[in-house]
Amino acid sequence: MAIRLYNTLTRSKDEFRPIDPDNVRMYVCGPTVYDDAHIGNARPVIVFDLLYRLLRHEYGADHVTYARNITDLDDKINKRAHERGVTIRELTEGTTARFHAAIDALGALRPTVEPRATDHIEEMKALCEKLVASGHAYVAEDHVLFSVPDMPAYGRLSQRPLDDMIAGARVDVAPYKRSEMDFVLWKPSTEAHEPGWPSPCGIAQPGRPGWHIECSAMSWKHLGEVFDIHGGGIDLVFPHHENEVAQTTCAFGHQVMANVWMHNGFLQVEGEKMSKSLGNFVTIDDLLSTTKFGGQFWDGAVLRLAMLQTHYRQPIDWTVRRLEDSEATLIDWTNRRHDILNAFGSEIEIGLENDVDDKIIRSLQDDLNTHLAIARLHELSNAFALRGERAVGRSFLASTALLGLRFLPFETPSLSDERRDAIAILVAARLAARKARNFAESDRIRDELVAMGIQLMDGKDPATGEIVTTWEVMR
Ligand code: AMP
Ligand code: ZN
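**Student:** Sorry if this is basic, but what is going on with the overall build of the chain here?
**Tutor:** A count of helical and extended segments in the chain gives 15 helices and 15 strands. On C-alpha atoms alone, the chain measures out to a radius of gyration of 24 Å, which is about the 23 Å that the 2.2 N^0.38 rule sets for 475 residues. In terms of overall dimensions, the chain has C-alpha extents of about 70 × 55 × 40 Å along its principal axes. Evaluated residue by residue, the chain yields a buried proportion of 54% over its 475 residues. Taking as baseline every contact in the chain between residues at least 6 positions apart, the subset at least 24 positions apart corresponds to 73%. As presented, the chain carries roughly 20900 Å² of accessible surface, and 50% of it is formed by carbon and sulfur atoms. In the chain, the 53 positive side-chain charges and the 70 negative ones have mean positions that sit 2 Å from each other.

In structure tokens form, the structure reads like this:
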């Protein structure tokens, strides 16, 4: 059976046919790194990580290119860096390092490429030049603007009525726009704290790109003029993705930018989208290393399973109950793995790629039906508990791995005093590096400990608010 994916562009679930099966290409809009990622931001990371794993399974690990950008150029970033009195680079390097640590804990693979907007200014300028040259954009008061009325297909992706789009555009009226729907490709940098580069299209004043052009430039550079899948949260369909399509298709003269457009639903709290601006957010780090949500630390795998319980297009209502249920399931599955290893030895975990359960593959091929896939994992786990068959054990382990689900750590076995001392010294050094905000060093030490088989857990001392780190031996 082939993969079928719901495509926002066609509003139907279509069979997925890659342009080149030897190089399947997917782009996903990544985080704007002005602050720590919240668990709503974790949703696209987990959903598209699962799709990436499925594509690698179907087409081969070397035949999929996954690009997820880092938006390190944005007015919110400029403002935050200015407020904190740090440079933009200092701010974004810290938040990017923390984003990486958080999503590693969720079991998400790193994408093939992770382009940063600030490394693609030349491509953005080249797109501005092309669009002005072909009459799709114009220069006005040191801005480059995309001319929406010159593009008859505008609105095809979001399928919004024209009136709605005009009303939306009114939020951002400006005297230099020829039409109120026109949007900014490039704008002048006039304040001292705003980053600026030499402008394209004969503009003397230094400037910076608009947000939408960033993704058109990075996807073009890493995936080409037309590619297979473009993803992001449902909030990005309009205007962000509509404008990406406008820029890329008009610059290169193709009908489409990506063949398949996929959008995850919102993660909500009490019926409202979790977001920084509403203030109703919990960061990934809050869940992993503080007791803020539900009075305990949660393992990244618990968060991942909790997220995958709901189909990616449906909204998720985030509750402690959901995490407790997922944790109970993972404890059960961790015990099952323990039974499997006890029965057949650790060699049973070698070379599992071809042992993924057929029903689980078919569920995922059906527009990532994770709910069915998880139900099947329960069946496999129970079947092993009943009959103890090797093939069922392998298929259970292979299938949890395809879903990117890790098992939970076990109790700490006895270690020599010498080894405990060595670990304590490294843990203290990492904490000192963290306090000095030297995240590169603290990550390096954490990796060193992981290589020694030690997993760290950060928490806050409720009395002093100080970070305390505990550790255990990984299984
Ligand atoms: P941002 O950092 O706001 O640019 O968002 C990064 C990604 O997270 C985008 O794909 C957003 O659509 C997605 N996102 C933001 N908030 C939520 C939410 N509450 N639920 C699901 N996805 C979200
Ligand atoms: Zn984007």
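**Student:** I keep staring at the packing of helix H10 (residues 320-344) against helix H12 (residues 370-387) and nothing clicks. Help me out?
**Tutor:** Each pair of packed helices gets described by two things: the angle between the helix axes and the distance between those axes. Taken N-terminus to C-terminus, the directions of H10 and H12 make an angle of 40 degrees; their axes are 10 Å apart at the nearest point. One way to sum up the angle between H10 and H12 is to call them oblique. Handedness of the crossing formed by H10 with H12: left-handed. Counted together, Thr-329, Asp-332, Trp-333, Arg-336, Asp-339, Ile-340 and Phe-344 of H10 and Ile-374, Leu-377, His-378, Ser-381, Phe-384 and Ala-385 of H12 form the full contact between these two elements. Class assignment of the residues belonging to the contact of H10 with H12 gives a composition of seven nonpolar, three polar and three charged.

**Student:** Can you walk me through the site of ligand 1 in this structure?
**Tutor:** Neighbouring ligand 1 are 18 residues, the closest being Thr-32, Gly-233, Asp-235, Leu-267 and Met-274. Asn-264 has a polar side-chain atom sitting 3.3 Å from a nitrogen atom of ligand 1. One nitrogen or oxygen atom from the main chain of Met-274 is found 2.9 Å from a nitrogen atom belonging to ligand 1. Against a free-state accessible area of 490 Å², the protein chains account for coverage of 89% of ligand 1. Those elements that provide at least two residues to the shell around ligand 1 are helix H1 (39-59) and strand S9 (227-233). A total of three residues in the shell around ligand 1 trace back to one element, the largest contributor, which is H1. A breakdown of the residues in the shell around ligand 1 according to their chemical character gives seven nonpolar, nine polar and two charged.

**Student:** What exactly am I supposed to notice about the coordination of the zinc ion (ligand 2) here?
**Tutor:** Ideal geometry at a metal gives 109.5 degrees between four tetrahedral donors and either 90 or 180 degrees between six octahedral ones. Protein ligation of the zinc ion (ligand 2) involves Cys-29 (SG), Cys-215 (SG), His-240 (NE2) and Glu-244 (OE), the donor distances falling in the range 2.1 to 2.7 Å. Bound by four donor atoms, the zinc ion (ligand 2) shows angles of 72 to 129 degrees at the metal and therefore irregular coordination geometry. Spacing between the donor residues of the zinc ion (ligand 2) along their common chain follows C-x185-C-x24-H-x3-E. Here the residue Cys-215 occupies a position in helix H6 (residues 211-223), and His-240 occupies one in helix H7 (residues 237-252), the gap between them amounting to 25 residues.

**Student:** Mind showing me how you'd approach the domain arrangement of the chain here?
**Tutor:** Interface extent is often summarised as the accessible area lost during association of the parts. Along its sequence, the chain is carved into domain 1 (18-264), domain 2 (268-402) and domain 3 (417-473). Measuring from the centre of the C-alpha atoms in domain 2 to the corresponding centre in domain 3 gives 27 Å. In total, domain 2 and domain 3 occlude about 360 Å² of area from one another, counting both sides; carbon and sulfur atoms represent 50% of this. The largest per-residue losses of area from domain 2 upon contact with domain 3 belong to Ser-289, Thr-290 and Phe-297, which jointly make up 72% of the total buried on that side. Where domain 2 touches domain 3, the interface holds zero salt bridges. At the junction of domain 2 and domain 3, the tally comes to zero residue pairs in polar contact (both at pLDDT 80 or more). Of the residues in the side of domain 2 that touches domain 3, the class split is two nonpolar, two polar and two charged.

**Student:** Could you clarify how one ought to interpret unusual backbone geometry in this entry?
**Tutor:** Of all residues except glycine, most have a negative phi; of all peptide bonds, most are trans. Residue Pro-239 is bonded to the preceding Phe-238 through a cis peptide linkage, with omega at 0 degrees. Looking at the secondary structure, you find Pro-239 in helix H7. The residue Glu-270 is not glycine, and still its phi comes out positive at about 45 degrees. The topology assignment puts Glu-270 in the loop between strand S11 (267-269) and strand S12 (272-273).

**Student:** Explain helix H13 (residues 390-402) to me, please; I cannot follow it from the model alone.
**Tutor:** An α-helical turn contains 3.6 residues, so any two residues separated by three or four positions project in the same direction. The first and last C-alpha atoms of H13 sit 18 Å apart over 13 residues, in line with the 18 Å expected at 1.5 Å per residue. Here H13 lies mainly inside the structure; ten of its 13 residues are buried. When we look at burial in H13, the residues that qualify are Val-392, Gly-393, Arg-394, Ser-395, Phe-396, Leu-397, Ala-398, Ser-399, Thr-400 and Leu-402. Phi turns positive one or two residues past the end of H13, at Gly-404, with a value near 75 degrees.

**Student:** Please clarify how the sheet that holds strand S3 (residues 24-28) should be interpreted in this entry.
**Tutor:** Across a sheet, paired strands are connected by hydrogen bonds in the backbone, their directions being either parallel or antiparallel. Here we have four strands laid out as an open sheet, ordered S4-S3-S9-S10, and parallel in their pairing. The outermost strands of the open sheet, each flanked by one partner alone, are strand S4 (64-68) and strand S10 (258-264). Strand after strand, the sheet turns through a mean of 20 degrees between neighbouring axes, direction not considered. Pairing between S3 and S4: five bridges, direction parallel. Bridge pairing in S4 links Arg-25 to Thr-65.

**Student:** Looking at this structure, how should I read the sheet that holds strand S6 (residues 143-146)?
**Tutor:** Taken in spatial order, the four strands of this open sheet run S5-S6-S7-S8, and their pairing is antiparallel. Pairing within the sheet leaves two strands with one partner each, and these edge strands are strand S5 (137-140) and strand S8 (207-209). Taken over all neighbouring pairs, the strand axes of this sheet differ in orientation by 20 degrees on average, direction set aside. Summarising the sheet, S6 and strand S7 (residues 183-188) pair through three bridges and their orientation is antiparallel. Bridging from a neighbouring strand, Val-144 pairs with Trp-186 of S7. Those strands touched by helix H4 (residues 121-133) are S5, S6, S7 and S8, and its axis lies near 120 degrees from that of S7.

**Student:** It is not clear to me how the side chain of Arg-337 should be interpreted in this structure. Could you clarify?
**Tutor:** Along the chain, Arg-337 turns up in helix H10. Reaching out from Arg-337, the side chain makes a polar contact with the side chain of Glu-349 at a distance of 2.9 Å.

**Student:** So what exactly am I meant to see when it comes to the packing of H10 against H13 here?
**Tutor:** H13 packs onto H10 with a crossing angle of 135 degrees between their chain directions and a minimal axis gap of 10 Å. Judged by the inter-axis angle, H10 sits oblique to H13. Every pair of crossing elements has a handedness; the one defined by H10 and H13 is left-handed. Between H10, through Trp-333, Arg-336, Arg-337, Ile-340 and Phe-344, and H13, the contact on the second element is made entirely by Arg-390, Gly-393, Phe-396, Leu-397 and Thr-400. Residue classes in the contact of H10 with H13 are distributed as five nonpolar, two polar and three charged.

What counts and how
- Residues numbered from 1 in each chain as written.
- Chains lettered and ligands numbered in written order.
- Predicted model: local features only at pLDDT ≥ 70, side-chain atom pairs only at ≥ 80, totals over all residues.
- Heavy atoms only, no water.
- Helix = DSSP H or I, 4+ residues; strand = E, 2+ residues; numbered from the N terminus.
- Rg over C-alpha atoms; globule rule 2.2 N^0.38 Å.
- Buried < 20%, exposed > 50% of the residue type's maximum accessible area, 1.4 Å probe, protein only.
- Contact = heavy atoms within 4.5 Å.
- Areas by Shrake-Rupley, 256 points an atom, 1.4 Å probe, with all protein chains shown as cover.
- Lys, Arg positive; Asp, Glu negative; His and termini not counted.
- Charge placed at Lys NZ, Arg CZ, Asp CG, Glu CD.
- Axes fitted to C-alpha atoms, helices over the stretch in contact; angles between N-to-C directions.
- Parallel < 35°, antiparallel > 145°, perpendicular 65-115°, else oblique.
- Left-handed = near helix turned anticlockwise from the far one by under 90°.
- Nonpolar A, V, L, I, M, F, W, Y, C, P; charged D, E, K, R; others polar.
- Near = heavy atom within 4 Å.
- Polar contact = N/O pair within 3.5 Å; in protein donor to acceptor, adjacent residues only side chain to side chain.
- Donors = N, O, S within 2.8 Å, 3.2 Å for Na, K, Ca; no water.
- Tetrahedral: all angles 85-135°; square planar, octahedral: opposite > 155°, others 65-115°.
- Domains from an automatic or database assignment.
- Buried area = accessible area lost by both parts, 1.4 Å probe.
- Salt bridge = Lys/Arg side-chain N within 4 Å of Asp/Glu carboxyl O.
- Expected span 1.5 Å × (residues − 1).
- Pairing = 2+ DSSP bridges.

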